[in-house]
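Spelled out, the chains give:
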Amino acid sequence: MINVAIIIGSTRPGRNGEAVARWVHDLAATRDDARFELVDLKDFGLPHLDEAMPPAMGRYELPHTRKWADKISSFDAYVFITPEYNHSTSGVLKNAIDFLYAEWHNKAAGFVGYGTLGGARAVEHLRLIMGELKVAGVSSQVALSLATDFENFSALKPAAHQERAVCAMLDEVIAWGGALKALRDGTRPPGLDARI
């Protein structure tokens, strides 16, 4: 069974991301094919990237970086809950991602965006970032519109089809997360060419 982090990608007071993450977690918790944990960036207090060495070196000196690295490395896959700010993801989420390097490698990610256009542009940017970090972004995603999936732009009231979108995204995250776990563990699924 794989471990999946549901990462709340905003720390803004009054953020919608916490309600979105809890909704996704509640849906995920009904499954028995993975373990899910909410990971709130607010709990880590990461400053702007302040490590002297590049993250690719893996030589973390600061306690907050080591705490973050330990948490992220404990998962096989991720679901990123991201707002869309100025056609992109939040600065705090990008900063948290940039703190680490190898901890992300050969894992899977799903995306739940929210904003005026369902967070689509934020998710698109996250896909590019994840690709650079050797994270397989699944194709199914959830796009929550502030106009139709929230009441008064703040109270989460997702349309009925959004639950199906979450389930489809989680199906893919779990399948890809399991396949990549085998790769990280040094085992290969049957039929996978040994030259890979």
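Residues numbered from 1 in each chain as written. Predicted model: local features only at pLDDT ≥ 70, side-chain atom pairs only at ≥ 80, totals over all residues. Heavy atoms only, no water.

**Section: the packing of aromatic side chains**
Quick note on the threshold: Any pair of Phe, Tyr and Trp rings, taking the six-membered ring for Trp, is counted once the centres come within 6.5 Å. Such a pair is stacked with planes under 30 degrees apart, edge-to-face with planes over 60 apart, and tilted for the rest. Geometrically, a lysine NZ or arginine CZ counts as sitting over a ring once it is within 6 Å of the ring centre and also within 35 degrees of the ring normal.
Evaluation of the coordinates by the stated rule reveals 7 aromatic pairs. Measuring from centroid to centroid gives 6.0 Å for Tyr78 and Phe80, while their planes differ by 40°, and the two rings are tilted. A network of ring pairs unites the aromatic residues Phe75, Tyr78, Phe80, Trp104 and Phe111 as a single cluster. Over the ring of Phe44 we find Lys67, and its NZ or CZ is 5.1 Å from the ring centre.

**Some details on helix 2 (residues 63-73)**
Under the convention used in this document: Partly exposed residues are those whose accessible area sits between 20% and 50% of the maximum for their type, while under 20% is buried and over 50% is exposed, using a 1.4 Å probe and protein chains only. Helical segments are the DSSP runs of H or I of at least four residues, strand segments are the runs of E of at least two, and each set is numbered from the N terminus. By construction, the arc corresponds to the directions joining the helix axis to the C-beta atoms. Contacts are assigned to residue pairs with any non-hydrogen atoms lying within 4.5 Å of each other.
Those residues of helix 2 lying buried are His64, Thr65, Trp68, Ala69 and Ile72. Projected down its long axis, helix 2 shows its buried positions confined to an angular sector of 130°, all on one face. Facing away from the buried side of helix 2 by over 90 degrees, the exposed positions are Pro63 and Asp70. Where helix 2 is buried, its residues contact strand 1 (2-8), strand 2 (34-40), strand 3 (77-83), helix 3 (91-98) and strand 4 (107-115).

**Comments concerning the pattern of salt bridges**
Rules: For this analysis, a salt bridge means a side-chain nitrogen from Lys or Arg found within 4 Å of a carboxyl oxygen belonging to Asp or Glu.
Using the criterion set out here, one finds 10 salt bridges in the structure. Between Arg15 and Glu18 there is a salt bridge; the shortest N-O distance is 3.1 Å. Among the residues examined, Arg15 registers a relative accessible area of 10% and is labelled buried. The class for Glu18 is partly exposed, based on a relative accessible area of 27%. Among the ionic pairs, Asp185 bridges to Lys181, the shortest N-O distance being 3.2 Å. Overlapping salt bridges bring together Arg15, Glu18, Arg22 and Asp40 as one network.

**What to know about the side chain of Lys107**
The criterion, for reference: We count Lys and Arg on the positive side and Asp and Glu on the negative side, and we leave His and both chain ends out. Between N or O atoms, a polar contact is any pair within 3.5 Å; within protein, one atom must be a potential hydrogen donor and the other a potential acceptor, and residues adjacent in sequence are included only when both atoms are from side chains.
Among the secondary structure elements, Lys107 is positioned in strand 4. Here Lys107 occupies a buried position and makes no salt bridge, while the nearest side chain of opposite charge, Asp76, is found at 6.2 Å. Engagement of the side chain of Lys107 in a polar contact is seen with the backbone oxygen of Glu103, the distance being 2.8 Å. Excluding residues within four positions of it along the chain, Lys107 makes contact with Ile72, Ser73, Phe75, Asp76, Tyr78, Lys134, Val135, Ala136, Leu180 and Arg184.

**Considerations on the environment of Ser88**
When you line up the elements, Ser88 lands in the loop between strand 3 and helix 3. In sequence terms Ser88 and Ala122 are 34 residues apart; their C-alpha atoms lie 3.9 Å from each other. Engagement of the side chain of Ser88 in a polar contact is seen with the side chain of His125, the distance being 2.7 Å.

**As for the nonpolar core**
One recurring pattern in soluble globular proteins: nonpolar side chains tend to sit buried together. Where we set the bar: As used here, the term nonpolar core means buried Ala, Val, Leu, Ile, Met, Phe, Trp, Tyr and Cys residues forming a set that is joined through side-chain atoms within 4.5 Å.
Among the nonpolar cores identified, the biggest contains 31 residues, and Val20, Val24, Val79, Ile81, Val112 and Leu144 are the most heavily contacted of them. Listed by contribution, the elements that provide at least two residues to this core are strand 1, helix 1 (17-28), strand 2, strand 3, strand 4, strand 6 (142-145) and helix 5 (160-184). It is helix 5 that contributes the most residues to this core, 7 residues altogether. The next biggest cluster of nonpolar side chains, apart from the first, holds 27 residues, and it includes Val39, Leu46, Tyr60 and Phe80.

**Looking at the environment of Ala175**
Within the secondary structure layout, Ala175 lies in helix 5. Each C-alpha atom of the pair Ala175 and His25 lies 18 Å from the other, and the pair is 150 residues apart in sequence.

**Brief notes about the packing of helix 1 against helix 5**
Applicable threshold: Working convention: axes come from line fits to C-alpha atoms, limited for helices to the stretch in contact. Angles between N-to-C directions cover 0 to 180 degrees. Throughout this description, any angle smaller than 35 degrees is read as roughly parallel, any larger than 145 degrees as roughly antiparallel, any in the 65 to 115 degree range as roughly perpendicular, and the remainder as oblique. In this scheme, a crossing is called left-handed if the near helix is turned counterclockwise away from the far one by less than a right angle; it is called right-handed if the turn is clockwise.
The interhelical angle for the contact between helix 1 and helix 5, taken along N-to-C directions, is 65°, at an axis separation of 10 Å. Relative to helix 5, the element helix 1 is oriented roughly perpendicular. Once helix 1 is placed against helix 5, the crossing between them reads as right-handed. Between helix 1, through Trp23, Val24, Leu27 and Ala28, and helix 5, the contact on the second element is made entirely by Gln162, Glu163, Val166 and Leu170.

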